[in-house]
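# Structure assessment
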Amino acid sequence: MSEQERILKFQIFRYNPQRKGDKPRMVTYEVTEAPGMTIFIALNDIREKQDPSLQFDFVCRAGICGSCAMVVNGRPDLACRTLTSKFEDGEIKLLPLPGFELIGDLSVNTGNFFRAMSERIESWIHDQYADEVNYDQLEERMDPDVADEIYELERCVECGACISACATKRMRDDFLGAAGFMRLARFAIDPRDKRSDEEFYDVIGDDDGVFGCMTLLGCEDYCPKDLPHQTQIAYLRKKMAMVR
Amino acid sequence: MKVIYTDSLIIGGGLAGLRVAIASMQRGFDTIVLSLIPAKRSHSAAAQGGMQASLGACIKGDGDDEDVHFADTVKGSDWGCDQDVARMFVNTAPKAIRQLSAWGVPWSRVRKGDRDVIINGKKVTITEKDEAHGLISARDFGGTKKWRTCFTSDGTGHTMLYAMDNKAIQLGIPVHERKEAIALIHEDGVCYGAVVRDLVTGELIAYIAKATTIATGGYGRLYSVSTNAVISEGIGTAIALETGVATLGNMEAVQFHPTAIVPVGILTTEGCRGDGGLLLDKDGYRFMPDYEPEKKELASRDVVSRRMTEHMRKGKGVESRYGDHLWLDITLLGREHIEKNLREVKEICEYFLGIDPVKEYIPVRPTQHYSMGGIRTNATGESPTLKGLFSAGEAACWDMHGFNRLGGNSVAETVVAGMIVGEYVADYCAGNTISIGTSTIEHFVRTEEKKISDLLTRTYGENPFELKKEMQEIMMDKVGIFRNGPDLEQAVEELKVLNQRARKIALRNRISSSNPELVEAIRVPKMIKMAQCVAYGALLRTESRGAHAREDYPERNDRDWLKRTLTTWKDEQADLPEVTYEDLDVMKMEMPPGSRGYGVDNTVHHPDTAKREQEVEEIKANNPGADRYEMQELLNPINIPEKFKGKNERIGRGFK
Ligand SMILES: Cc1cc2nc3c(=O)[nH]c(=O)nc-3n(C[C@H](O)[C@H](O)[C@H](O)COP(=O)(O)OP(=O)(O)OC[C@H]3O[C@@H](n4cnc5c(N)ncnc54)[C@H](O)[C@@H]3O)c2cc1C
Ligand code: SF4
Ligand code: FES
């Protein structure tokens, strides 16, 4: 951490669709850097001291909840855990995540997108007997390694970075996207989910699904949770090809 | 005026809110959840450490059961909790975790055979039983007799919340996102829903319901440094307060967690110490055994936080530009363990501190963490004074935590309360109709409209961001870990002034649709009232109990203070709430007040304590054949929905 104070230059995308006549534009703000400053801290500083209308979304501010993905100097990332000291020239350009409905400025509607995704792939355990389980009795056993593997694939925080970085998604509106494949793979390896390969095929066995992927792997490059997208997409393809 | 009708309205889409929603939906009632944000982003997702449930499958949990969990919880609460509720909770927690398992949570499982763990700074080999293989495992947490905290690697809250929300989606429960409840609608002591502001369009909508449940989480952001999410501002609790009818319970009971990183206050989980991490001072010296020879780093949270503060006051803190701190050392756990079970901690250290906790110490300091206080409910989750208003989770004072909650008992509470309260919410929906006129609804909507239009037209006045900052500083400096009369008096006076100033907020950005400054302006006056409830309650309570530690009244005083604080705000123009008290009945306690076993026991005893102890002994002596279930029935009969009454099975002992 340098003791010297720097002036950071933030170029921020501004547009409020709720406001009649408002037009998209870039606005520059200057902020005095503080030690350990993150984009979260800087944006709040701008909102409190310079422009109280600035919109953005933070919840956990600890890199856990996935609320704050935005495009930082060309890269989709979690803004709350991005330290300003990382940018040598002190210039930081912020754009909202593309591919999602814009709420205003840096805030986008990821909620409706991910709810629709969950509904589409039926992101829950399919077991007709699940609601008849007697919870007084010992739970069903699970191999410790399988539990760990499921968790590895469940670490997605629905931040949307992979969706915004996906070239296929840009061309094909209904393309499921990497977060969807990851979620599906998570259920596919879960012994509690009784769906057959054929049933999974119905969800992702077409060009809007896993066969549409052009393997450009923006998803893997930008996923802040380092999820193994490449491996999982390959796994699902192999599995689906067998059904075909 | 837009009006939306439903049976069961749930304000809050975290673990507690979603679980109540699932219960009322499964019972066939029309259900709507409101949330500031997408449900999966709720603060519940941030719980890394785990959920307590006495499954007793791992070897270090051997011998655990509801009774042991009950004793830990009551002790942890410093006898401030409602023992009926604590009983309902411990008996249901094993069912809750097993249900979540069926719904998809990939709980970490027991692996048979030997494994190395760190206990008391030393490597120890423990051997898991063959017959436990594949059952849900558990880790050690502070203030517990057994290893009882079940977990999924380092992402317990995340996996629980995802499973819960997925279940809600499966059931087709609508979650109305980016909606903020800003006032409750009520008439003649009955609650009928809420006035809700759309955070995008700014539109006000009346949600009218038979039953309204507030599950909006804690109020940590009344403090300037908190581990809580930035949205944990207590607005749900505040709108209950503003009815002037509903009461809040034990608002002064605020927990500080020992290990949040300095300066930003992001939490490193108790799992760090549970798994063997140590606290060190500026000399690299492990100081906790000097203060708490038995439980050391794993004493109850309130105790560890106070000991750390004491030690820093002795000049043993590490100096930094952000004030003194101590070190959390997890290097002894080794890379493999950290990267698997404490990965979130590692990420936080890397991103926010630029250090590698595998090799370096983590700078930590006690930081605001949990709100034991909240909307006072009875054991069914309903407000005793405002019918049709329910509350669950951190927002509620259901009161299983009393004056200090144990780590891992909170996410457990959200789910268990969700299950139990959810049934009572459904019962209420079955037994009641909506009998409120449109003119009353209109009155409530117009009142909020008027407040907003005043804010938007005032040209000169107070800055809401400034007011909030001042409030947070007051709370941090004067209503913190250690409290005393003069500081608290000052805090109360200063908050009165802030409360006045908050009536004159003016905005720079005067538009009614999506506008962060307006959001702040609506919230800040509510937050200041909440802060005053905490500060004033703390001033009046002249004893030390759990997390409420008075330097000028260091003893726990059961004789005068074995009671719950109840706060109401009846007069909108007042600067102070009305405070009354509700006695805890020693003669009904399954576990009469005793010592927690930390430091010197200087308790001033309640006159009934000895009487009740003797009575308990007699009941035990007179019923030599009673098993533990029958004994509990004799000592603490509880009412619980029929479907949760069954005994819980454990390996090695069946349903015994
Ligand atoms: C960093 C951290 C780690 C933790 N780790 C653990 C742990 O390991 N084990 C444990 O037991 N506990 C832990 N806790 C505590 C536990 O996570 C919380 O107490 C619990 O998750 C709270 O859940 P909840 O459902 O009550 O509220 P939350 O999850 O906070 O949800 C609140 C909901 O209310 C909504 N809301 C709020 N206000 C309004 C409004 N006015 N209108 C509409 N909606 C609103 C929000 O959008 C959100 O959906 C931890 C807490 C923190 C801060
Ligand atoms: S897969 Fe990764 S990038 Fe995509 S939404 Fe999940 S966490 Fe974000
Ligand atoms: S605010 Fe939660 S991940 Fe950034």
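Residues numbered from 1 in each chain as written. Chains lettered and ligands numbered in written order. Predicted model: local features only at pLDDT ≥ 70, side-chain atom pairs only at ≥ 80, totals over all residues. Heavy atoms only, no water.

### Regarding the overall build of chain B
Tallying secondary structure elements over chain B gives 18 helices and 22 strands in all. In terms of overall dimensions, chain B is globule-like: its C-alpha atoms have a radius of gyration of 24 Å, near the 26 Å expected for 656 residues. Its C-alpha atoms give chain B principal-axis dimensions of roughly 70 × 55 × 50 Å. When each of the 656 residues of chain B is scored for burial, the buried share is 68%. Of the contacts formed within chain B by residues at least 6 apart in sequence, a portion of 73% connects residues at least 24 apart. Taken as a whole, chain B presents about 21,000 Å² of accessible surface, with 49% of it coming from carbon and sulfur. (Helix = DSSP H or I, 4+ residues; strand = E, 2+ residues; numbered from the N terminus. Rg over C-alpha atoms; globule rule 2.2 N^0.38 Å. Buried < 20%, exposed > 50% of the residue type's maximum accessible area, 1.4 Å probe, protein only. Contact = heavy atoms within 4.5 Å. Areas by Shrake-Rupley, 256 points an atom, 1.4 Å probe, with all protein chains shown as cover.)

### A look at the overall build of chain A
Of the regular secondary structure elements, chain A holds nine helices and seven strands. Once the C-alpha set of chain A is aligned to its principal axes, its extents read approximately 60 × 40 × 35 Å. A buried classification covers 58% of the 244 residues belonging to chain A. Partitioning the intrachain contacts of chain A with sequence separation of at least 6 by distance along the chain shows that 63% fall at a separation of at least 24. Carbon and sulfur atoms form 47% of the exposed surface of chain A, whose accessible area is close to 10,700 Å². Here chain A contributes 31 positively and 44 negatively charged side chains, and the mean placements of these two sets differ by 6 Å. (Lys, Arg positive; Asp, Glu negative; His and termini not counted. Charge placed at Lys NZ, Arg CZ, Asp CG, Glu CD.)

### Quick word on the pairing of strand β15 (residues 362-371) of chain B
All names here are of chain B. The buried count for β15 comes to nine of ten residues, which makes it a mostly enclosed element. Relative to β15, strand β12 (residues 254-261) is paired through six bridges, and the arrangement is antiparallel. Looking across to β15, one finds that alanine 260 is bridged to arginine 365. For strand β14 (residues 326-329) and β15, the ladder comprises three bridges, and the chain directions are antiparallel. Bridge pairing in β15 links tryptophan 327 to proline 363. (Pairing = 2+ DSSP bridges.)

### Let's talk about the sheet that holds strand β3 (residues 69-72) of chain A
All names here are of chain A. One open sheet accounts for five strands, arranged β2-β1-β5-β3-β4; its pairing is mixed. Here the strands that pair on one side only, and so sit at the sheet edges, are β2 (25-32) and β4 (75-78). Here the strands of the sheet are splayed against their neighbours by 35 degrees on average, with no regard to which way each runs. Examined bridge by bridge, β3 and strand β5 (residues 91-95) share two bridges and lie antiparallel to one another. (Axes fitted to C-alpha atoms, helices over the stretch in contact; angles between N-to-C directions.)

### Section: the site of ligand 2
All residues in the neighbourhood of ligand 2 are listed as Cys156, Val157, Glu158, Cys159, Gly160, Ala161, Cys162, Ala179, Cys223, Pro224, Leu227 and His229 of chain A. Residue composition of the shell around ligand 2, grouped by class: nine nonpolar, two polar and one charged. (Near = heavy atom within 4 Å. Nonpolar A, V, L, I, M, F, W, Y, C, P; charged D, E, K, R; others polar.)

### What to know about a nonpolar patch on the surface
A surface patch of nonpolar side chains, amounting to about 330 Å² of accessible area, comprises Met171, Met214 and Leu216 of chain A. In this structure, methionine 214 of chain A sits in the loop between α7 (197-204) and α8 (218-222). (Patch = residues over 30% accessible without salt bridge, like charges linked within 9 Å, V, L, I, M, F, W, Y side chains within 5 Å. Salt bridge = Lys/Arg side-chain N within 4 Å of Asp/Glu carboxyl O.)

### Some words on the pattern of salt bridges
All names here are of chain B. This structure, assessed with the given rule, holds 90 salt bridges over all chains. For the salt bridge of aspartate 302 with arginine 306, the shortest nitrogen-to-oxygen distance reads 3.3 Å. Taken together, the positions of aspartate 302 and arginine 306, both in helix α8 (residues 301-316) and four residues apart, correspond to about one turn of that helix. Residue classification places aspartate 302 among the buried positions, given a relative accessible area of 4%. Beyond isolated ion pairs, a larger network of salt bridges with shared partners links Asp78, Glu252, Asp302, Arg306, Arg541, Glu543, Arg545, Arg556, Asp558 and Arg596.

### Comments concerning the packing of aromatic side chains
All names here are of chain A. Going through the model one piece at a time under the given rule, you end up with eleven aromatic pairs over all chains. With a centroid separation of 5.5 Å and 65 degrees between ring planes, the pair formed by phenylalanine 56 and phenylalanine 58 is classed as edge-to-face. Per residue, the accessibility class of phenylalanine 56 equals that of phenylalanine 58, and both read buried. Seen in terms of ring centroids, phenylalanine 113 and phenylalanine 114 are 5.0 Å apart; in terms of plane orientation they differ by 85 degrees. Their pairing is edge-to-face. With relative accessibility at 16%, the residue phenylalanine 113 sits in the buried group. (Phe/Tyr/Trp six-rings, centres within 6.5 Å; stacked < 30°, edge-to-face > 60°.)

### Comments concerning the sheet that holds strand β21 (residues 563-568) of chain B
Residue and element names in this part refer to chain B. Sheet architecture is open: five strands sit in the order β18-β16-β11-β21-β22, paired in mixed fashion. The sheet is open, and its two edges are formed by β18 (396-397) and β22 (578-583), each paired on a single side. Note that strand β11 (residues 248-249) and strand β16 (residues 374-376) share two bridges and pair antiparallel. Bridged to leucine 248 within β16 is isoleucine 375.

### Focus on the site of ligand 1
Residues and elements named next belong to chain B. Ser42, His43, Ser44, Glu394 and Ser410 are the nearest of the 38 residues found near ligand 1. Within the backbone of glycine 14, one N or O atom sits 3.4 Å away from an oxygen atom of ligand 1. One of the backbone N or O atoms of glycine 49 is found 2.9 Å from an oxygen atom in ligand 1. Calculation on ligand 1 without its partners gives an accessible area of 1,000 Å², and the protein chains cover 98% of this total. At the level of secondary structure, the elements contributing two or more residues to the shell around ligand 1 comprise α1 (15-26), β8 (179-187), β15 and α11 (409-431). Broken down by element, the residue count for the shell around ligand 1 peaks at four residues, all from α11. Class assignment of the residues belonging to the shell around ligand 1 gives a composition of 14 nonpolar, 20 polar and four charged. (Polar contact = N/O pair within 3.5 Å; in protein donor to acceptor, adjacent residues only side chain to side chain.)

### Thoughts on the side chain of glutamate 543 of chain B
Residue and element names in this part refer to chain B. The residue glutamate 543 is located in the loop between α15 (516-540) and β20 (549-550) in this model. For glutamate 543, the side chain forms a polar contact with the side chain of arginine 541, separated by 2.8 Å. One polar contact links glutamate 543 to arginine 545, side chain to side chain, over a distance of 2.8 Å. Other than its neighbours up to four places away in sequence, glutamate 543 contacts His548, Arg550, Tyr553, Glu555, Arg556, Asn557 and Trp561.

### Points about the environment of alanine 16 of chain B
Residues and elements named next belong to chain B. Within the secondary structure, alanine 16 is located in helix α1. We classify alanine 16 as buried; its relative accessible area is 6%. Between the C-alpha atom of alanine 16 and that of threonine 216, which follows or precedes it by 200 residues, the distance is 8.6 Å. Contact partners of alanine 16, with chain neighbours within four places excluded, come to Ala215, Ala392, Gly393, Thr414 and Gly418.

### A word on a negative patch on the surface
All names here are of chain A. Among the surface-exposed residues, Glu122, Glu198, Glu199 and Asp202 lie close enough to one another that they form a single negatively charged patch. Assignment of secondary structure puts aspartate 202 in helix α7. The exposure class of aspartate 202 is exposed, given its relative accessible area of 66%.

### Let's talk about the interface of chain A and chain B
At the junction of the two partners, chain A supplies 71 residues and chain B supplies 84 residues. In total, about 6,400 Å² of surface goes out of reach between chain A and chain B, with carbon and sulfur atoms giving 50% of it. At the boundary of chain A with chain B, the tally comes to twelve salt bridges. At the boundary of chain A and chain B, one finds 44 residue pairs in polar contact (both at pLDDT 80 or more). Sorting the residues of the side of chain A that touches chain B by element identifies α1 (39-49), β7 (107-109), α2 (111-120), α3 (144-153) and α6 (178-188) of chain A as the ones contributing at least two each. (Buried area = accessible area lost by both parts, 1.4 Å probe.)

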